[in-house]
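Per-entry structural report
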Amino acid sequence: MTNTIPNPKKWEVWLAYLRFKGFENVGKVRPILIWEKVNDSVFHVFKITSKDISDKYPIVAIQRDSGLKLVKNSYVQLEPIFDLPISDFKPVCLGVLNKENRMAVNQALELLC
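Summary of the structure given here. In every chain, residue numbers begin from 1 and rise along the written sequence. In keeping with the model being predicted, local features are shown solely for residues with a pLDDT of at least 70 and side-chain atom pairs are shown and tallied solely at 80 or more, while totals for entire chains, interfaces and linings include all residues. With hydrogens and water stripped out, all remaining heavy atoms of the structure feed into the side-chain values.

**Quick notes on the environment of Pro-6**
Applied cut-off: Counting from the N terminus, the helices are DSSP H or I runs at least four residues long and the strands are E runs at least two residues long. Summary of the burial criterion: residues with accessible area below 20% of their type's maximum are buried, those above 50% are exposed, and those between are partly exposed, where the area comes from a 1.4 Å probe applied to protein chains only. The contact criterion used throughout is that any non-hydrogen atoms of two residues lie within 4.5 Å.
Mapped onto the elements, Pro-6 comes out in the segment before strand S1 (12-19). Classification of Pro-6 as buried rests on a relative accessible area of 12%. Distance in space between the C-alpha atoms of Pro-6 and Val-76 is 21 Å, their sequence separation being 70 residues. Apart from residues lying up to four places away in sequence, Pro-6 is in contact with Trp-14, Ile-86, Phe-89, Lys-90 and Pro-91.

This is the structure in structure tokens:
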């Protein structure tokens, strides 16, 4: 049996154990969007949620025909950006965000700056 080490790339959606902000020992396995590699062991990622939390955080809806293996309608939560160690990744890539969704994320991030 071999150990599968995830090799995430920008715009991919992975499953990972994401800790809740402010709670180091509390979190859950959820889809996350890879934003950038910080170093060999840490990535900046966005949380993906099935809840429309636009009253609290900036979000981008993921189109249903995105090709991702997501069970529910989903949203990329653009704040906060999480620092996620590779050790918290599960060996499950759910696909790559399509061009339309990538453009929507980029446009929303430009508006935040």
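So that's the structure; there's more coming.
**Let's talk about the side chain of Thr-49**
Here Thr-49 lies in strand S3 (residues 42-49). The contact partners of Thr-49, leaving out residues within four places of it in the chain, are Arg-30, Asn-73, Ser-74 and Tyr-75.

**A short note on helix H1 (residues 99-112)**
Within an α-helix, residues lying three or four positions from one another point in the same direction, as the helix has 3.6 residues per turn. Applicable threshold: In a helix, the anticipated span is given by 1.5 Å times the number of residues less one.
An ideal rise of 1.5 Å per residue puts 20 Å on 14 residues; H1 measures up with 20 Å between its terminal C-alpha atoms. The elements touched by buried residues of H1 are strand S2 (27-39), S3, strand S4 (59-62) and strand S5 (74-85).

**Looking at the sheet that holds S5**
Let me state the cut-off plainly: For two strands to pair, DSSP has to find at least two bridges joining them. Axes here refer to lines fitted to C-alpha atoms; in helices the fit is confined to the stretch in contact. Angles between the N-to-C directions go from 0 to 180 degrees.
Read from one edge to the other, the open sheet built from six strands follows the order S4-S5-S3-S2-S1-S6, with strand pairing classed as antiparallel. Pairing within the sheet leaves two strands with one partner each, and these edge strands are S4 and strand S6 (89-96). Neighbour-to-neighbour, the strand axes of the sheet open up by a mean angle of 45°, direction not taken into account. Sheet analysis places S2 next to S3, joined by six bridges and oriented antiparallel. Looking at the pairing, Ile-32 lines up with Lys-47 of S3.

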